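An overview of the molecular structure
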Amino acid sequence: MLYELSFYQCAPGAWSKALAALKGLTPRMGQHRLGLWQPDGGARPAHFLMLSQWPDLETRDRIHDPLAADPAWRTTSQAFAECEHWIVTPTRGAPEFSGKWNTGELFEFRVQEVVNGSQAAAGADFWNIVAQQIATAGGRVVGQFDAVLGPNRPNFVTILAWPDFQALHEGWRAMDRDEGVVRQRQAEIDALGRPYHDRMIQYLVKSVAP
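Everything quoted here is computed from the prediction, not taken from an experiment. Along each chain, residue indices are assigned from 1 in the same order as the chain's sequence is written. In keeping with the predicted nature of the model, local features appear solely for residues at pLDDT of at least 70, side-chain atom pairs appear and are counted solely at 80 or more, and the whole-chain, interface and lining totals rest on all residues. As a rule here, side-chain values come from all non-hydrogen atoms in the structure, and water together with hydrogens is ignored.

1. Some details on the overall build of the protein
Rule in force here: Secondary structure counts use DSSP, requiring at least four H or I residues in a row for a helix and at least two E residues in a row for a strand, with both numbered from the N terminus. Computation of the radius of gyration draws on C-alpha atoms, with the globule rule given as 2.2 Å multiplied by the number of residues to the power 0.38. Think of it in three bands: with a 1.4 Å probe and only protein chains considered, a residue is buried below 20% of the maximum accessible area for its type, exposed above 50%, and partly exposed in between. Working rule for contacts: check all heavy atoms of both residues, and any pair within 4.5 Å makes them a contact. Residue-level accessible areas treat just the shown protein chains as cover; the underlying method is Shrake-Rupley with a 1.4 Å probe. Counted charges follow a simple rule, with Lys and Arg positive, Asp and Glu negative, and His plus the chain ends left uncounted. Charge coordinates come from a single atom per side chain, which is NZ of Lys, CZ of Arg, CG of Asp or CD of Glu.
Across its full length, the protein holds seven helices and eight strands. Expected size for 210 residues packed as a compact globule is a radius of gyration near 17 Å; at 18 Å, the protein falls within 12% of this value. Dimensions along the principal axes, computed over C-alpha positions, put the protein at roughly 55 × 35 × 30 Å. Residue burial in the protein is summarised as follows: out of 210 residues, 46% are buried. Nonlocal contacts in the protein, meaning residues at least 24 apart in sequence, comprise 77% of its contacts between residues at least 6 apart. If you sum the accessible surface of the protein, you get close to 10400 Å²; carbon and sulfur atoms cover 50% of it. Averaged over its 20 positive side-chain charges, the protein has a centre that lies 5 Å from the centre of its 23 negative ones.

2. Considering the packing of aromatic side chains
Going by this rule: Each aromatic pair joins two rings of Phe, Tyr and Trp (for Trp, the six-membered one) with centres within 6.5 Å, and gets the label stacked for planes under 30 degrees apart, edge-to-face for over 60, and tilted for any other angle.
Scanning the entire structure with this criterion turns up ten aromatic pairs. Relative to F48, the ring of W15 has its centre 5.2 Å away and its plane inclined at 50°; by these criteria the two rings are tilted. Taken together, the positions of W15 in helix α1 (residues 15–23) and F48 in strand β3 (residues 47–54) put the pair 33 residues apart, joining distant regions of the chain. Among the residues examined, W15 registers a relative accessible area of 34% and is labelled partly exposed. Between W73 and F80 the ring centres are 6.2 Å apart and the planes differ by 40°, which places this aromatic pair in the tilted class. Classification of F80 by relative accessible area gives buried; the value is 8%.

3. Here we look at the domain arrangement of the protein
Put simply, the rule reads: For the domain bounds, the source is a domain assignment made automatically or taken from a database. In short, buried area is how much 1.4 Å probe accessible area vanishes from two parts on joining, totalled over both.
For the protein, the assigned domains are domain 1 (2–88) and domain 2 (106–209). Just the C-alpha atoms count here: the centres of domain 1 and domain 2 sit 24 Å apart. Buried area between domain 1 and domain 2, summed over both chains or domains, comes out near 2100 Å², and the portion from carbon and sulfur atoms is 72%. Interface area lost by domain 1 to domain 2 is led by W37, D40 and W86, which between them contribute 31%.

4. Quick notes on the pairing of strand β2 (residues 33–42)
As a reminder, the rule being used: Two strands make a pair as long as DSSP finds a minimum of two bridges between them.
With seven of ten residues buried, β2 lies mostly within the body of the structure. Bridge analysis of β2 against β3 gives four bridges, and the strand direction is antiparallel. Pairing of W37 across the sheet is with L49, part of β3. Connecting β2 to the next strand, β3, in antiparallel fashion are four residues.

5. Focus on the pattern of salt bridges
Spelled out, the test is: Each reported salt bridge corresponds to a side-chain nitrogen of Lys or Arg within 4 Å of a carboxyl oxygen of Asp or Glu.
Per the stated rule, a full pass over the model turns up five salt bridges. A salt bridge links R140 to E105, with the shortest nitrogen-to-oxygen separation between them at 2.6 Å. Taken as a pair, R140 in strand β6 (residues 140–149) and E105 in the loop between β4 (80–90) and β5 (106–114) lie far apart in primary sequence, 35 residues in all. For the salt bridge of R110 with E108, the shortest nitrogen-to-oxygen distance reads 2.7 Å. Assigned by exposure class, R110 and E108 land together as buried. Several salt bridges share partner residues, and in doing so they unite E4, R60 and D61 into one network.

In structure tokens form, the structure reads like this:
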């Protein structure tokens, strides 16, 4: 199973058109669209994010190609200044996803570079150690993906959900002070000279109802 993470940068003054264009994709994508999120802060406040699931690239192209050629989509897609589509797969140790992609929580997408060659170990350590600490801190791990087709590889996309902004800030503050997390980060530095993850870009978004 493949997953596609799409980044849509809204053109200036085109927020409403961009949202309408993406919501219009829902009937075209069917069950393949897992989630759609609109900006709610973070480093890239003009971005919409969409996560899709595909059995294979052939199915993805079969659905996308007619859409890209549709004059109606070409007109509405002018609301976007830029679009990127990454093909991603769950990281090592990821459990079966719960399917809670569309909720009223605050979603945090963390895109981070990963030391080349460390993807398997980084994924396993995240699910075995960090994911549990995030839950203790009040967050929910929605998923973590390794980008297999996209720019600036290797990088991971970690999707978290928090009750609200306060919970997010308090959760990460607690995480930074947690002895287990501190030990894990130090072990990564001792082994590699740096942590597994670096140079994080954060998207704070809220779910758009289907």
